[in-house]
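Residue-level structure breakdown
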Amino acid sequence: MTPDRLRAALEGVPDPDWLAAALRRVAAEPATIARFFPAAGRHCGRGDLAGAPGWTADEAARALLLTALPADHATHAEALYRHGDAAEKRAVLKALPLLPVGAAGVPLLHDAIRTNDTRLVAAALGPYARHLDPASWRQAVLKCVFAGVPLAGVADLDRRADGELAAMLAALAAERHAAGRELPADATDLLDRLTIREA
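Source: prediction; values computed, not measured.

This brings us to the layout of surface pockets. Put simply, the largest pocket is a space of about 430 Å³. The wall of the largest pocket is formed by 24 residues, among which G54, K94, A122, A123 and G126 lie closest to the centre. For the lining of the largest pocket, the elements supplying multiple residues, two or more each, are α6 (86–95) and α8 (118–124). When the residues that make up the lining of the largest pocket are grouped by side-chain class, the tally is 17 nonpolar, three polar and four charged.

This is the structure we're talking about:
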């Protein structure tokens, strides 16, 4: 996803003038993002965006506000995440790949993965999760399996999945089988693919 695609997807928002003005103000006066960021849902709506699959209007508007900042993206992203509600936190997580922050946003991923909010966990495992070290990433994938987060949303899953993840999934499958339960179908499919690949 790119800022241009998000901007195009937001063309039909209820209050386009508000968004345009907010983007200009944030670019000129970065501190104003603290006021505009929470208001995005009221002015832009919260519905799914046809032109940006997997994004809602408020998430896209908030991501654009972050990209409009002239500097200090990581500092603002962290502050907005720490003080935001669940929807605002998700928007920050989804915006991270669009921001020039390097690995500075990784602590936000760790925080999101520790929560029981499945939507935050899913947002944390988008494209920016490439910055997670292998051990943390594997644990996050297992968290998805435990929490029922669809693995289809995990960025780079087939590329990053390895023999260690296969062993972890196999152990979990054995535990579940002993308890009379099964792994979710997508986790079973992943384990099957990894077993074949590692054979």
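Following the sequence through the fold, A174 ends up in helix α11 (residues 163–178). Residue A174 is classed as partly exposed on the basis of its relative accessible area of 47%. Note: C-alpha distance between A174 and L65 (109 residues apart in sequence) is 46 Å.

Time to look at the packing of helix α4 (residues 57–68) against α6. Their axes nearest at 9 Å, the elements α4 and α6 cross at an angle of 55°. In this view, α4 runs oblique relative to α6, as classed from their interaxial angle. In this structure, the crossing between α4 and α6 has a hand that is right-handed. Here D58, E59, R62, A63 and L66 of α4 come into contact with α6, specifically with A87, E88, R90, A91, V92, K94 and A95. Tallied by class, the residues present in the contact of α4 with α6 amount to six nonpolar, no polar and six charged.

This part covers the side chain of T32. Of note, T32 is situated in the loop between α2 (16–28) and α3 (33–44). The exposure class assigned to T32 is buried, which follows from its relative accessible area of 7%. Contact partners of T32, with chain neighbours within four places excluded, come to R25 and V26.

We now examine the nonpolar core. In this structure, L10, L66, L93, L125, W137 and L151 are the most contacted members of the largest nonpolar core, which totals 71 residues. Of all the elements, α4 adds the most residues to this core, at eight residues. Among all residues touching L10, those that are not within four sequence positions of it are L19, L49, A57, A60, A61 and L64.

This structure, assessed with the given rule, holds 13 salt bridges. Of the charged contacts in the structure, one is a salt bridge between R25 and E29, with a shortest N-O distance of 3.0 Å. Each member of the salt-bridge network shares a partner with another, and the members are E78, R82, D111 and R114.

Thresholds applied
Sequence order as written defines residue numbering, which begins from 1 separately in each chain. Since the coordinates come from a predicted model, pLDDT governs what is reported: local features require at least 70, and pairs of side-chain atoms require 80 or more to be given and counted, while whole-chain, interface and lining totals use all residues. Water and hydrogen atoms play no part in the side-chain values, which are based on all heavy atoms of the structure. Only protein atoms enter the calculation, which uses a 1 Å grid: trapped sets of points that fit a 1.4 Å probe without letting it out are cavities, open sets showing protein on both sides within 12 Å along at least five of seven lines are pockets, and any residue with an atom within 4 Å of a point is a lining residue. Grid points are joined across faces, edges and corners, and a volume is the space filled by probe spheres set on the points. Runs of E in the DSSP output that reach at least two residues are strands. Runs of H or I that reach at least four are helices, and both are numbered from the N terminus. Following the grouping adopted for this structure description, the nonpolar residues are Ala, Val, Leu, Ile, Met, Phe, Trp, Tyr, Cys and Pro, the charged ones are Asp, Glu, Lys and Arg, and the polar ones are all others, Gly among them. In this scheme, a residue with accessible area under 20% of its type's maximum is buried, one over 50% is exposed, and one in between is partly exposed, where area comes from a 1.4 Å probe on protein chains only. Angles here are taken between N-to-C directions and fall from 0 to 180 degrees, while the axes themselves are lines fitted to C-alpha atoms, restricted in helices to the stretch in contact. An angle counts as roughly parallel when it lies under 35 degrees, as roughly antiparallel when it exceeds 145, as roughly perpendicular when it falls between 65 and 115, and as oblique in every other case. In this scheme the handedness of a crossing depends on how the near helix is turned from the far one: anticlockwise by less than a right angle means left-handed, clockwise means right-handed. Throughout, a residue-residue contact means that at least one pair of heavy atoms, one from each residue, lies within 4.5 Å. Think of a nonpolar core as a cluster: buried Ala, Val, Leu, Ile, Met, Phe, Trp, Tyr and Cys residues, connected wherever their side-chain atoms sit within 4.5 Å. Each salt bridge in this description consists of a side-chain nitrogen of Lys or Arg and a carboxyl oxygen of Asp or Glu lying within 4 Å of one another.

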